[in-house]
Amino acid sequence: MILPIYLYGHPVLRTPTQLVTPDYPGLAELIANMKETMYASDGIGIAAPQVGVSLRLVYIDVDVLSEDLPELKDVRMVLINPEITIDESVPTTSREEGCLSVPGIHESVARHEKIHLKWTDENWQTHEQDFEGYLARVIQHECDHLFQTVFVDRISPIRKQLVRAKLNNIVKGNVNCSYRTRAYTKTKR
Ligand code: NI
């Protein structure tokens with residue numbers, strides 16, 4: 001089932017998330033719905049808070065980018081309770097990001113080039129691995145959602161000022177996008 005994407009300004013994006021337990025009711029269905037919702041909105045990553053669920057759960061599929069970045073071929077990951085460790089001495093690089101919850105805004109964000117990640121997959125197997133480059137960026141962006149952070153929180157104050165009017169429109173639900181959304185405050189049409 002395709003779920004609505006909760007937009008910037010909705011309190012669910014600022015709500016602390018719970019750890020997922022193996023007996024969480026409907027977990028497999030929630031994962032399936034997140035995948036379907038992400039593909040329907042042409043995203044490369046989605047976090048549970050973006051579909052209104054305050055859980056530490058992420059789905060990533062970056063295969064669509066593999067024409068330019070061959071290392072991303074067939075990279076699809078369910079991340080349950082992911083934990084990122086960052087060595088602060090690892091350099092950052094800046095690159096443009098967007099987000100299904102912030103339609104129409106693309107801004108440069110500095111991210112660490114390399115991360116260490118521990119996570120559980122949908123078969124409840126635990127993993128631990130280093131990631132770098134674009135995939136490390138996507139993982140950082142999605143895991144930010146689990147800790148009440150949206151990428152526009154990480155842009156420079158000047159850039160934030162420049163997109164303020166657009167952000168205000170997103171908060172009000174004045175967006176024009178191809179997928180279903182849910183805003184906190186709705187304006188009369
Ligand atoms: Ni996002």
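Residues numbered from 1 in each chain as written. Predicted model: local features only at pLDDT ≥ 70, side-chain atom pairs only at ≥ 80, totals over all residues. Heavy atoms only, no water.

(A) Main features of the environment of Ser101. Residue position: Ser101 is located in the loop between β5 (92-97) and β6 (107-112). With 57 residues separating them in the primary sequence, Ser101 and Ile158 have C-alpha atoms 21 Å apart. In contact with Ser101, not counting residues within four places along its chain, are Ile5, Tyr6, Leu7, Tyr8, Leu13, Gln50 and Ile170. In terms of polar contacts, Ser101 uses its side chain to reach the side chain of Gln50, at 3.0 Å. (Helix = DSSP H or I, 4+ residues; strand = E, 2+ residues; numbered from the N terminus. Contact = heavy atoms within 4.5 Å. Polar contact = N/O pair within 3.5 Å; in protein donor to acceptor, adjacent residues only side chain to side chain.)

(B) Here's a closer look at the environment of Leu117. Along the chain, Leu117 turns up in strand β7 (residues 114-120). With 31 residues separating them along the chain, Leu117 and Ile86 place their C-alpha atoms 8.8 Å apart. Once you skip the residues sitting within four places of it in the chain, Leu117 turns out to touch Leu79, Pro82, Glu83, Ile84, His127, Glu128, Gln129, Phe131 and Ile139.

(C) Local environment of the packing of aromatic side chains. By the definition in use, this model includes 2 aromatic pairs. Between Tyr39 and Tyr59, the aromatic rings sit 6.0 Å apart at their centres with planes inclined by 75 degrees, giving edge-to-face as the arrangement. Of the two residues, Tyr39 is situated in helix α1 (residues 27-40) and Tyr59 in strand β3 (residues 57-61); the sequence distance between them amounts to 20 residues. For Tyr39, a relative accessible area of 39% corresponds to the partly exposed category. Look at Tyr59 and you get buried, because its relative accessible area is 5%. Geometrically, the ring pair formed by Trp119 and Phe131 is tilted, given 5.7 Å between the ring centres and 50 degrees between the ring planes. On the criterion of sequence distance, the pair formed by Trp119 in strand β7 and Phe131 in strand β8 (residues 126-132) is long-range, its members being 12 residues apart. Each of the two residues, Trp119 as well as Phe131, counts as buried. (Phe/Tyr/Trp six-rings, centres within 6.5 Å; stacked < 30°, edge-to-face > 60°. Buried < 20%, exposed > 50% of the residue type's maximum accessible area, 1.4 Å probe, protein only.)

(D) How the structure looks around the layout of surface pockets. The calculated volume of the largest pocket comes to roughly 410 Å³. For the lining of the largest pocket, the secondary structure elements donating two or more residues are β5 and α2 (133-146). It is α2 that contributes the most residues to the lining of the largest pocket, 6 residues altogether. A per-class count over the lining of the largest pocket returns 9 nonpolar, 8 polar and 5 charged. For the second largest pocket, the calculated volume is near 230 Å³. Every residue along the wall of the second largest pocket is listed here: Pro82, Glu83, Ile84, Ile86, Ala110, Arg111, His112, Gln140, Cys143, Asp144, Phe147 and Arg154. Those elements that place two or more of their residues in the lining of the second largest pocket are β4 (76-85), β6 and α2. Grouping the constituent residues of the lining of the second largest pocket by class yields 6 nonpolar, 2 polar and 4 charged. (1 Å grid on protein atoms, 1.4 Å probe; cavity = no way out; pocket = protein on both sides within 12 Å on 5 of 7 lines; lining within 4 Å. Points joined across faces, edges and corners; volume = space filled by probe spheres on them. Nonpolar A, V, L, I, M, F, W, Y, C, P; charged D, E, K, R; others polar.)

(E) Structural context of the sheet that holds β4. Pairing is antiparallel in the open sheet, where 5 strands are placed in the order β2-β3-β4-β7-β8. The sheet is open, and its two edges are formed by β2 (45-47) and β8, each paired on a single side. Taking each pair of neighbouring strands and ignoring which way they run, the sheet shows an average axis angle of 35 degrees. Bridge count for β2 against β3 is 3 bridges, and the pairing is antiparallel. Paired with Gly45 across the two strands is Ile60, which belongs to β3. Contacting β2, β3 and β4, α1 runs over the sheet at an angle of about 40 degrees to β3. (Pairing = 2+ DSSP bridges. Axes fitted to C-alpha atoms, helices over the stretch in contact; angles between N-to-C directions.)

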